[in-house]
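Chain residues, written in single-letter form:
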Amino acid sequence: MNKERMDVTGYDRRALGIDSPMYDYYAQKIIEKTGITSGLCVDAGAGGGYLGLALAKITDLAFIFLDQSEKMLERAELNIANAGLKKRARTLHADVHKIPLTNESVDLVISRGSIPFWAAPGTALEEFYRILAPGGMVYVGTGRGTPEVKKQVEAKREEMGERPHDWEKEHHHMRGIHCDYDGIESKINITNFKLNRGEDGSWIHMWK
Ligand SMILES: C[S@@+](CC[C@H](N)C(=O)[O-])C[C@H]1O[C@@H](n2cnc3c(N)ncnc32)[C@H](O)[C@@H]1O
C-alpha cells in the first residue's frame, strides 16, 4: 500500500472502534465458509491484525499476521499484546508474492482489503495455495460488510461522536487501486477456486 497515503494511527483507531462490527462479521463468515477453527491461520496484508483478532475471539486458531509494512506490524504487535494473544499470534514482515513459509504448513489463509494493493494477485494466490496444508482453505477478498453491518458501523460512529465517513476522500485515496477479480482465475493454475460476489463484497474461496 502507498505508505505516504496511509494514516496508520487513524486506521488503527477506526478498525478497533467503529469498524469492529465489520471485522466481527467477516470473522463469522470465514468460519461459515471454511469450517476451520483450529490450526494455523495466516492473515495476509493484515495491517494491525484486525480480521485475525476478530477471528481469534471465536476460534482456537493460532495466527501469523503478515504484512509488508513495518509500521502496520508495530500496531499489530501492540494489538496482539492488548488482546492477550501473545501465545497465539505473531507477526511476519513479508510480501504476499513471496512468503517465507514452508509448503503445506498452514491451515487457513485470510485477507481483507489488501488484494487491490497487490501487484500480481494471481502470484499471491498461488503462494497461499503452496503454503496450504491438505484440507486447508483460503478466504480472501474485499468489502465493508453487508448493508446491515454498514448500518451498525454508522450507529457506532454516531455513538462515538465521530464525523460521518468521508466517502469522497476514500474514493480519492483508492483511485487507480482496484482488483480485477474476474480475470484472476484464468491467471492461476488452481481449480479448487470459487469467486463469491455479493452484498458483502468480492471474496475468493480456495481449498486443497
Ligand atoms: C487497507 S489495509 C487492510 C488491512 C487489514 N487487512 C484490514 O482489513 O483492515 C492493506 C494492507 O495490505 C498491506 N499490503 C499491501 N500490499 C502488500 C503486499 N504485497 N504484501 C504484504 N502486505 C501488503 C498493506 O501494508 C496494508 O497493511
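Residues numbered from 1 in each chain as written. Predicted model: local features only at pLDDT ≥ 70, side-chain atom pairs only at ≥ 80, totals over all residues. Heavy atoms only, no water.

Enquirer: Give a description of the overall build of the chain that names residues and reports values.
Expert: Within the chain, the regular secondary structure consists of eight helices and seven strands. Its C-alpha atoms give the chain principal-axis dimensions of roughly 45 × 40 × 35 Å. Each of the 208 residues in the chain was classed as buried or not, and the buried ones make up 50%. Counted over contacts in the chain with a minimum sequence separation of 6, partners at least 24 positions apart contribute 72%. (Helix = DSSP H or I, 4+ residues; strand = E, 2+ residues; numbered from the N terminus. Buried < 20%, exposed > 50% of the residue type's maximum accessible area, 1.4 Å probe, protein only. Contact = heavy atoms within 4.5 Å.)

Enquirer: If you had to explain the nonpolar core to someone new, which residues and values would you point to?
Expert: A general trend in soluble globular proteins is that nonpolar side chains are found buried together. Leu 55, Phe 63, Phe 65 and Leu 108 are the most contacted members of the largest nonpolar core, which totals 31 residues. Those elements that provide at least two residues to this core are α2 (20–34), α3 (50–57), β2 (62–67), α4 (70–82), β4 (106–112), β5 (132–142) and α6 (147–159). The residues touching Leu 108, leaving out its near neighbours within four places in the chain, are Ile 30, Thr 34, Ile 36, Leu 40, Cys 41, Val 42, Leu 55, Leu 61, Leu 132 and Met 137. Core analysis: the second largest hydrophobic core is formed by 29 residues, Val 42, Leu 66, Tyr 129 and Met 206 among them. (Core = buried A, V, L, I, M, F, W, Y, C linked by side-chain atoms within 4.5 Å.)

Enquirer: Outline the environment of Asp 24, listing residues and values.
Expert: Within the secondary structure, Asp 24 sits in helix α2. As for Asp 24 and Val 106, which are separated by 82 residues in sequence, their C-alpha atoms are 22 Å apart.

Enquirer: Could you give me a rundown of the site of the ligand, with the residues and numbers involved?
Expert: Not every one of the 21 residues close to the ligand is listed here, only the nearest: Tyr 11, Tyr 23, Asp 67, Arg 112 and Ser 114. Asp 67 is positioned with one of its side-chain polar atoms (N or O) 2.6 Å from an oxygen atom of the ligand. Interatomic distance of 2.7 Å between a side-chain N/O atom of Ser 114 and an oxygen atom of the ligand. Surface burial for the ligand is 97%, taken as the share of its 600 Å² of free accessible area covered by protein chains. For the shell around the ligand, a count of residues per class yields 11 nonpolar, seven polar and three charged. (Near = heavy atom within 4 Å. Polar contact = N/O pair within 3.5 Å; in protein donor to acceptor, adjacent residues only side chain to side chain. Areas by Shrake-Rupley, 256 points an atom, 1.4 Å probe, with all protein chains shown as cover. Nonpolar A, V, L, I, M, F, W, Y, C, P; charged D, E, K, R; others polar.)

Enquirer: Which residues make up the pattern of salt bridges, and what are the values?
Expert: When the charged atoms of two side chains lie near each other, side chains of opposite charge can form a pair. Overall, the coordinates contain nine salt bridges when judged by the stated rule. With a shortest N-O distance of 2.8 Å, Glu 127 and Arg 130 are connected by a salt bridge. Of the two residues, Glu 127 and Arg 130 are both situated in helix α5 (residues 121–131); the distance of three residues between them amounts to about one turn of the helix. Overall, the relative accessible area of 12% leaves Glu 127 in the buried class. With a relative accessible area of 24%, Arg 130 lands in the partly exposed category. Put simply, Glu 154 and Arg 157 hold a salt bridge, and the shortest N to O gap is 3.2 Å. Of the two residues, Glu 154 and Arg 157 are both situated in helix α6; the distance of three residues between them amounts to about one turn of the helix. On the accessibility criterion, Arg 157 (5% relative accessible area) is buried. (Salt bridge = Lys/Arg side-chain N within 4 Å of Asp/Glu carboxyl O.)

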